[in-house]
Amino acid sequence: MSNANRKFRSSPRKDLAQLTLDSFSSLENLEKLAKHGKIIEASTSGILIHFNREDFIKKELRTNLNIDSLLGLKVYFNIHEMDLEISGKIARTQFLGKKGFYVAVDYSSDAPEYWRECLMDLLPS
């Protein structure tokens, strides 16, 4: 297990009220990867997002059982209910069968610790 995965999984997690994403895009080439997503959990180092297969824009992502090609990709997304944009790096992915995918985004290197702690306090649970 990489250090990024250990760090994301070791932070205390917060189960959240329904929060949705307006978009999910690559920070490197600004390509839109997904139309929608739902935030499942958050910690001071990362956010766990659920995507349905239909949410992905690229056919390669919609038709594959494995989206590990996204690992390490720098991304940004907007939390609709908070009108807040967050950027980070995809730390891990998980296939959920017919339910879609989980994507864990580590945002600890893009934001200072005090900001991440304040975000945790502001996220609705």
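This text follows the structure it describes.
Each value, and the rule that gives it
- Residues numbered from 1 in each chain as written.
- Predicted model: local features only at pLDDT ≥ 70, side-chain atom pairs only at ≥ 80, totals over all residues.
- Heavy atoms only, no water.
- Helix = DSSP H or I, 4+ residues; strand = E, 2+ residues; numbered from the N terminus.
- Buried < 20%, exposed > 50% of the residue type's maximum accessible area, 1.4 Å probe, protein only.
- Contact = heavy atoms within 4.5 Å.
- Areas by Shrake-Rupley, 256 points an atom, 1.4 Å probe, with all protein chains shown as cover.
- Patch = residues over 30% accessible without salt bridge, like charges linked within 9 Å, V, L, I, M, F, W, Y side chains within 5 Å.
- Salt bridge = Lys/Arg side-chain N within 4 Å of Asp/Glu carboxyl O.
- Lys, Arg positive; Asp, Glu negative; His and termini not counted.
- Charge placed at Lys NZ, Arg CZ, Asp CG, Glu CD.
- Pairing = 2+ DSSP bridges.
- Arc of directions from axis to C-beta.
- Core = buried A, V, L, I, M, F, W, Y, C linked by side-chain atoms within 4.5 Å.

### Describing the overall build of the protein chain
For the protein chain, the helix and strand inventory stands at three helices and seven strands. Going residue by residue from the N terminus, the α and β elements of the protein chain occur as α-β-β-β-β-α-β-β-β-α. Sorting the 125 residues of the protein chain into buried and exposed places 44% on the buried side. Across the protein chain, the fraction of contacts at a sequence separation of at least 24, relative to all contacts at a separation of at least 6, is 58%. Carbon and sulfur atoms form 49% of the exposed surface of the protein chain, whose accessible area is close to 6,900 Å².

### Section: a positive patch on the surface
Where like charges cluster on the molecular surface, the positive patch consists of Lys32, Lys35, Lys59 and Arg62. For Lys32, the position within the fold is in strand β2 (residues 32–34).

### Comments concerning the pairing of strand β4 (residues 46–51)
Among the six residues in β4, six count as buried, and that is most of the element. By the alternation rule, side chains of β4 split into Gly46, Leu48 and His50 and Ile47, Ile49 and Phe51, which are all buried. Count of turn residues in the strand β3 (residues 37–42)/β4 antiparallel hairpin: three residues.

### A closer look at helix α3 (residues 113–122)
Considered for burial, the residues of α3 that qualify are Arg116, Leu119 and Met120. Mapping the buried residues of α3 onto a view down its axis gives an arc of 100 degrees, with all of them on the same face. Facing away from the buried side of α3, by more than 90 degrees, are the exposed residues Tyr114, Asp121 and Leu122.

### Observations concerning the nonpolar core
Counting 29 residues, the largest nonpolar core has Phe24, Ile49 and Phe77 as its most contacted members. Elements that contribute at least two residues to this core include exactly β1 (14–26), β2, β3, β4, β5 (74–79), β6 (84–95), β7 (101–106) and α3. Sort the elements by how many residues they give to this core and β1 lands first, with four residues. In this structure, Phe77 is in contact with Leu21, Ser23, Phe24, Ile47, Ile49, Leu84, Glu85, Ile86 and Val105, ignoring residues within four places of it in sequence.

### Looking at the environment of Ile86
By secondary structure assignment, the location of Ile86 is in strand β6. Counting along the chain gives 62 residues from Ile86 to Phe24, while the straight-line C-alpha distance between them is 9.9 Å.

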